[in-house]
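Notes for the structure review
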Amino acid sequence: MAFEIIDINTVFGPWPIVRADMHVERLVEALKNHGVSRSLALSTVGVLHNHGDGNAETLRACSEQGGVLIPVATIDPRGYFGNAGLVAKLKEQGCKMFRFFPLLQEWSLDHAAFCDVLDEIEAANLPVMVQARDTGCPTALMHILPGRNITFILEGISFENMAEAVSVMRKYPNVLCETRELRVPGALRFLLDQVGSDRVLFGSGCLRSSLAASLGYVMDADITDDAKAAVLAGNVKRLLGGA
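Each value, and the rule that gives it
Residues numbered from 1 in each chain as written. Predicted model: local features only at pLDDT ≥ 70, side-chain atom pairs only at ≥ 80, totals over all residues. Heavy atoms only, no water. Salt bridge = Lys/Arg side-chain N within 4 Å of Asp/Glu carboxyl O. Buried < 20%, exposed > 50% of the residue type's maximum accessible area, 1.4 Å probe, protein only. Helix = DSSP H or I, 4+ residues; strand = E, 2+ residues; numbered from the N terminus. Phe/Tyr/Trp six-rings, centres within 6.5 Å; stacked < 30°, edge-to-face > 60°. Pairing = 2+ DSSP bridges. Contact = heavy atoms within 4.5 Å. Axes fitted to C-alpha atoms, helices over the stretch in contact; angles between N-to-C directions. Expected span 1.5 Å × (residues − 1). Parallel < 35°, antiparallel > 145°, perpendicular 65-115°, else oblique. Left-handed = near helix turned anticlockwise from the far one by under 90°. Nonpolar A, V, L, I, M, F, W, Y, C, P; charged D, E, K, R; others polar.

With that settled, the discussion passes to the pattern of salt bridges. A full pass over the atoms with the stated rule returns 12 salt bridges. Taking the shortest distance from any N to any O, the salt bridge between Asp76 and Arg78 comes out at 2.6 Å. Assessed through its relative accessible area of 12%, Asp76 is described here as buried. Using a relative accessible area of 47% as the deciding quantity, one classes Arg78 as partly exposed. Two residues, Arg189 and Asp222, come together in a salt bridge whose shortest N-O distance is 2.7 Å. With a gap of 33 residues between them, Arg189 in helix α9 (residues 187–195) and Asp222 in the loop between α10 (211–219) and α11 (225–239) connect regions that are remote in the sequence. Linked through salt bridges whose partners overlap, the residues forming this network are Glu155, Arg180, Glu181 and Arg183.

Shown next, in the form of structure tokens:
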């Protein structure tokens, strides 16, 4: 069975930590080579340097790729001073999701400015993906979830913190997760058994991580074709209103 594939977690741009070749053209080539029709993409400039410049670079680069790349915005709360209308403007310019990097940028999920940004995002009705690979991250997020009408996607969930993530997801139906760090055989099937196939989305982390390995993990998983179709594209299309 052939599956439509949309990758919710891709990046391009400079990454001095590993000195990798992460030009946007290489990302588009990787997607094409592995049968991925589209991906949600973000420039690393917004993560490592300045979110204003990074969002501008994301929008520019994505606009030049014929619809293959769906732009994702980011805001570093350490530099957010209540810029009224910023989120609405980024949505108007085409950004379909926001991503946040508390582990990489070293700020806590109860950061007051982060909560201010979330207020803006909630008004704009956009989903949020947040780093959650370390033990304690899903629990920390849970403390700011009550009363928020935002879809949150836990990025980087692995078998090591899956029990914690599942506990949060059971309590809050607006919390989903992606597959980037799932590597243990059977972990994806176990996760779907716990939370359902409608709450897990395919993400690879390409270009920082191997698209082939991440995709192969899902394709080889002992789950139904319907579940694979949901994880690989169906869920993100529903989340983004048809993508």
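By the definition in use, this model includes 5 aromatic pairs. For the ring pair Trp107 and Phe114, a centre distance of 4.9 Å and an interplane angle of 50° mean the geometry is tilted. Like Phe114, Trp107 is buried. An aromatic cluster is defined as three or more aromatic residues linked by ring pairs; in this entry it consists of Phe98, Phe100, Trp107 and Phe114.

A cis amide bond links Cys206 with the next residue in sequence, Leu207, at an omega value of 15°. Among the structural elements, Leu207 can be located in the loop between β9 (200–201) and α10. One non-glycine residue with positive phi stands out, namely Glu106, at about 60°. Despite not being glycine, Asn125 has its phi angle at roughly 60°, a positive value.

Our focus in this paragraph is the sheet that holds strand β8 (residues 175–178). Spatial ordering of the open sheet is given by β4-β5-β6-β7-β8-β9, a layout of 6 strands whose pairing is parallel. The sheet terminates laterally at β4 (73–74) and β9, the two strands that pair on one side only. Pairing of β8 with β9, which is carried by 2 bridges, proceeds in the parallel orientation. Looking at the pairing, Cys177 lines up with Val200 of β9. Relative to strand β5 (residues 98–100), helix α6 (residues 112–124) is tilted by about 165°, and along the sheet it contacts β5, β6 (128–131) and β7 (152–155).

With that out of the way, let us pick up α6. An ideal rise of 1.5 Å per residue puts 18 Å on 13 residues; α6 measures up with 19 Å between its terminal C-alpha atoms. All buried positions along α6 are accounted for by Ala113, Phe114, Cys115, Val117, Leu118, Glu120, Ile121 and Ala124. Contacts from the buried residues of α6 go to α4 (86–92), β5, β6 and β7. The first or second residue beyond α6 is Asn125, which carries a positive phi of 60°.

One way to put it is that helix α8 (residues 162–171) packs onto α9 with a least axis distance of 10 Å and a crossing angle of 25°. Relative to α9, α8 is oriented roughly parallel. The hand of the α8/α9 crossing is right-handed. Residues Met162, Val166, Met169 and Arg170 of α8 form the contact with α9, whose participating residues are Ala187, Phe190, Leu191, Gln194 and Val195. Grouping the constituent residues of the contact of α8 with α9 by class yields 7 nonpolar, 1 polar and 1 charged.

Once that is clear, we can look at the pairing of strand β1 (residues 6–12). In terms of residue burial, β1 counts as a mostly covered element, since 7 of its 7 residues are buried. Direction of pairing for β1 relative to strand β2 (residues 38–43): parallel, over a ladder of 5 bridges. Counterpart to Val11 in the pairing with β2 is Leu42.

Read across the sheet, 3 strands follow the order β1-β2-β3 without closing on themselves; strand pairing throughout is parallel. Every interior strand has two partners, whereas the edge strands, β1 and β3 (69–71), have only one. In this sheet, neighbouring strand axes are inclined to one another by 40° on average, regardless of whether the strands run parallel or antiparallel. Two strands pair when backbone bridges link them, and β2 and β3 are joined in this way by 3 bridges, in the parallel orientation.

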